[in-house]
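Chain by chain, the residues:
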Amino acid sequence: MATKNIALSQLNNGSTYNEIFNRDIIGKVKLFQASYPQKKIYMMGWGDTSQPLPATVVRALIDGATKLGNLNTYTGYEDINGNPELKKSVCDKYYQEKIGVEFDSSEIFISDGAQSSLSNLQELFGLDNSVALQNPTYPAFIEGNSLAGRSQFIELHCHEQNNFVPQTPQEKVDLIYLCFPNNPTGAVATKEQLKGFVDYARSHQAVIIFDAVYSWFVNTPNIPRSIYEIEGAKECAIEINSFSKIASFTGLRLGWSVVPHSLTIKNTTFGELNQMWSIRNSIKFWGASNLAQQGGIAVLSAQGQKECQQNINYYLTNAHLLRQGLSNQGFNCFGGTDNPFIWLKAPGKMTSWQFFDNLLQEMGIVGIPGCLFGESGEGYLRLSALASQKEIAEAVQNRS
Ligand code: PLP
């Protein structure tokens, strides 16, 4: 007799982030639109990109597709852990040139985007491992671990008093999820703050899973883009990155993870966790799309990076416009300098949902209530600057 997966069925109660978004947020927007059909609505909730693929990437995709359609150049399955040229580009053109850290290609795992890696990498660790998470947090960190059956969560609270960068855990934890530049708060962490986490992880034999998908948005000097800028991180951290927001790959799907050979925990030898992740991929994941990987190689080329930088600058200008426009109207805004997210404080004692309704009615702006990211997000709203510039400029002037 088959029985259901209890952990999955417990998540099937309408409480996941995506379900709340589709039901409650989209539901409220549809209702508002039906009541006020003449009012313009500015969607700044969902963190999807609005700019098209860079021209260099488009050419690489056309070229790649043409080769796939030709008998002499057709290729099928690739190396499960990623196209060797792309992995080498990640090592040379990202980690060595931008971050100043060396990796071997065998430490890079190409994925179909950060979402699957960040919810699957926990499979490397025992189900009895305790998990520390920022609160507010990107929801997939907690949902991926809940789905695996973990229930021991320790919250690292992020609030104005600590500039939305939490303290290291007060108790012993095994896995620590960190995301900087942060979604949803828009905060960045300094080297000293990240060093505190690396020191904690090394002294407790804990592992940091570092989500760096917004690393390319960092402008401020001395703000780390990678956990590996911190000495000792290769011994205690996995890093996740993505082509989604820098190169508009949200639909194409491509990302990478780094599982260093020198990452070891109790009862593991040098390279063992790296090898385990490779075996896991050979069972559950047969590699990212070969065509998307051709696009990824083009992103990391000199011309590709130049074009991606134009997209990033565009989104950062959006964030500036949004933050300035809302600040001029008396709102208290955080983030948006090294990150495409603005974390907007609700006026007075308004809750996140009251603020959501208020902003929709007054300005036609749709954000995500901060409480959906955890109780420390109550009283805030997240806005994404990945929307179109014209819409953002119009939205901040549009107060009824
Ligand atoms: N991590 C964070 C913090 C994100 O904000 C997102 C997407 O919004 C992802 C991961 C997922 O990215 P991808 O499109 O590469 O799966």
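From a predicted model like this one, the values you see are computed outputs, not experimental measurements.

Q: Please explain the overall build of the chain as it appears in this structure.
A: Helix and strand counts for the chain stand at 13 helices and 13 strands. Whereas a compact globule of 400 residues would reach a radius of gyration of roughly 21 Å, the chain reaches 21 Å, a difference of no more than 12%. When contacts within the chain are restricted to residue pairs at least 6 apart in sequence, those whose partners lie at least 24 apart make up 72%. Treating the 31 positive side-chain charges of the chain as one cloud and the 36 negative ones as another, the clouds have centres 5 Å apart.

Q: Mind showing me how you'd approach unusual backbone geometry here?
A: Comment: phi is negative for the bulk of residues other than glycine, and the bulk of peptide bonds are trans. In this structure, the amide linkage connecting Phe180 to the following residue, Pro181, adopts the cis form with an omega of -10°. The omega angle of the peptide bond from Asn183 to Pro184 is 20°, so this bond is cis rather than trans. With respect to the element layout, Pro184 can be found in the loop between strand E5 (175-179) and helix H7 (191-204). The phi angle at Gln205 is positive, at roughly 55°, despite the residue not being glycine. A positive phi angle, close to 60°, is found at Asn267, a residue other than glycine. Structurally, the position occupied by Asn267 is in the loop between strand E8 (255-258) and helix H9 (272-284). The class of Asn267 is exposed, set by a relative accessible area of 71%.

Q: Can you help me understand the side chain of Glu107 in this one?
A: Turning to its location among the elements, Glu107 is positioned in the loop between helix H4 (84-99) and strand E2 (108-111). There is no salt bridge for the buried Glu107, and the closest opposite charge comes from Lys234, which lies 5.2 Å off by N-O distance. Here His261 takes part through its backbone nitrogen, which lies 2.8 Å from a polar atom of the side chain of Glu107. The residues contacting Glu107, other than those within four sequence positions of it, are Ser257, Val258, Val259, Pro260, His261 and Asn274.

Q: Just checking my understanding: could you explain the sheet that holds strand E9 (residues 332-335) for this structure?
A: Pairing is antiparallel in the open sheet, where 4 strands are placed in the order E9-E10-E13-E12. Here the strands that pair on one side only, and so sit at the sheet edges, are E9 and strand E12 (368-369). As paired strands, strand E10 (residues 341-345) and strand E13 (residues 380-384) are joined by 5 bridges and run antiparallel to one another. Among the inter-strand pairings, Lys345 is bridged to a residue of E13, identified as Tyr380.

Q: I would appreciate a short explanation of the sheet that holds E5 in the present structure.
A: Each strand in a sheet pairs with its neighbour through backbone hydrogen bonds, running either in the same direction (parallel) or in the opposite one (antiparallel). Spatially, the 7 strands line up as an open sheet ordered E2-E8-E7-E6-E5-E3-E4, and their pairing is mixed. The outermost strands of the open sheet, each flanked by one partner alone, are E2 and strand E4 (153-157). Ignoring strand direction, the axes of neighbouring strands in this sheet form an average angle of 20°.

Q: How should I be thinking about the state of the cysteines in this particular structure?
A: Put plainly, two cysteines are in a disulfide when a covalent bond ties their sulfur atoms together. Within the structure shown, the criterion is met by 0 disulfides. Cys179 takes part in no disulfide bond, and the closest cysteine sulfur, belonging to Cys158, lies 10 Å away. Take Cys371: it sits in no disulfide, and the sulfur closest to it among the cysteines is that of Cys158, at 16 Å. For Cys371, a relative accessible area of 22% gives the class partly exposed.

Q: I would appreciate a short explanation of the site of the ligand in the present structure.
A: What surrounds the ligand is a group of 14 residues, the closest being Asp211, Tyr214, Ser242, Ser244 and Lys245. Residue Asn183 places a side-chain N or O atom 2.7 Å away from an oxygen atom belonging to the ligand. Contact between the ligand and Ser244: an oxygen atom at 2.6 Å from a side-chain N or O atom of the residue. When the ligand is considered free in solution it has 400 Å² of accessible area, and contact with the protein chains removes 91% of it. Elements with a minimum of two residues in the shell around the ligand: helix H5 (114-120) and helix H8 (244-247). Counting residues per element, the shell around the ligand draws most heavily on H5, which supplies 3 residues. Broken down by class, the residue content of the shell around the ligand amounts to 6 nonpolar, 5 polar and 3 charged.

Q: Hey, could you run me through the packing of helix H11 (residues 302-328) against helix H13 (residues 389-397) in this one?
A: Geometry of a packed helix pair, given as the angle between the helix axes and the separation of the axes. Packing of H11 against H13 leaves a shortest axis separation of 9 Å and a crossing angle of 5°. With respect to H13, the axis of H11 lies roughly parallel. Contacts between H11 and H13 involve Tyr314, Thr317, Asn318, Leu321, Leu322, Gly325 and Leu326 from the former and Gln389, Ile392 and Val396 from the latter. Partitioned by chemical class, the residues of the contact of H11 with H13 number 6 nonpolar, 4 polar and no charged.

Q: What is the right way to look at the pairing of E13 in this model?
A: Look at any regular strand and the pattern is simple: side chains alternate between the two faces of the sheet. By the criterion of burial, E13 is predominantly enclosed, with 5 of the 5 residues buried. By the bridge criterion, 2 bridges tie E12 to E13 in an arrangement that is antiparallel. Looking at E13, one finds that Pro369 is bridged to Leu381.

Q: Mind showing me how you'd approach the packing of aromatic side chains here?
A: Both the distance between ring centres and the angle between the ring planes are used here to describe each pair of aromatic rings. Scanning the entire structure with this criterion turns up 26 aromatic pairs. Considering the side-chain rings of Phe164 and Tyr380, the 5.9 Å spacing of their centres and the 85° angle between planes classify their relative orientation as edge-to-face. One end of the pair, Phe164, is in the loop between E4 and E5; the other, Tyr380, is in strand E13, and 216 residues separate them in sequence. Each member of the pair, Phe164 as well as Tyr380, carries the same accessibility label: buried. On the basis of an interplanar angle of 65° and a centroid distance of 6.4 Å, the ring pair of Phe334 and Tyr380 is categorised as edge-to-face. Taken together, the residues Phe334 in strand E9 and Tyr380 in strand E13 connect sequence positions 46 residues apart. As far as burial versus exposure is concerned, Phe334 and Tyr380 are alike and both buried.

What counts as what
- Residues numbered from 1 in each chain as written.
- Predicted model: local features only at pLDDT ≥ 70, side-chain atom pairs only at ≥ 80, totals over all residues.
- Heavy atoms only, no water.
- Helix = DSSP H or I, 4+ residues; strand = E, 2+ residues; numbered from the N terminus.
- Rg over C-alpha atoms; globule rule 2.2 N^0.38 Å.
- Contact = heavy atoms within 4.5 Å.
- Lys, Arg positive; Asp, Glu negative; His and termini not counted.
- Charge placed at Lys NZ, Arg CZ, Asp CG, Glu CD.
- Buried < 20%, exposed > 50% of the residue type's maximum accessible area, 1.4 Å probe, protein only.
- Salt bridge = Lys/Arg side-chain N within 4 Å of Asp/Glu carboxyl O.
- Polar contact = N/O pair within 3.5 Å; in protein donor to acceptor, adjacent residues only side chain to side chain.
- Pairing = 2+ DSSP bridges.
- Axes fitted to C-alpha atoms, helices over the stretch in contact; angles between N-to-C directions.
- Disulfide = S-S within 2.5 Å.
- Near = heavy atom within 4 Å.
- Areas by Shrake-Rupley, 256 points an atom, 1.4 Å probe, with all protein chains shown as cover.
- Nonpolar A, V, L, I, M, F, W, Y, C, P; charged D, E, K, R; others polar.
- Parallel < 35°, antiparallel > 145°, perpendicular 65-115°, else oblique.
- Phe/Tyr/Trp six-rings, centres within 6.5 Å; stacked < 30°, edge-to-face > 60°.

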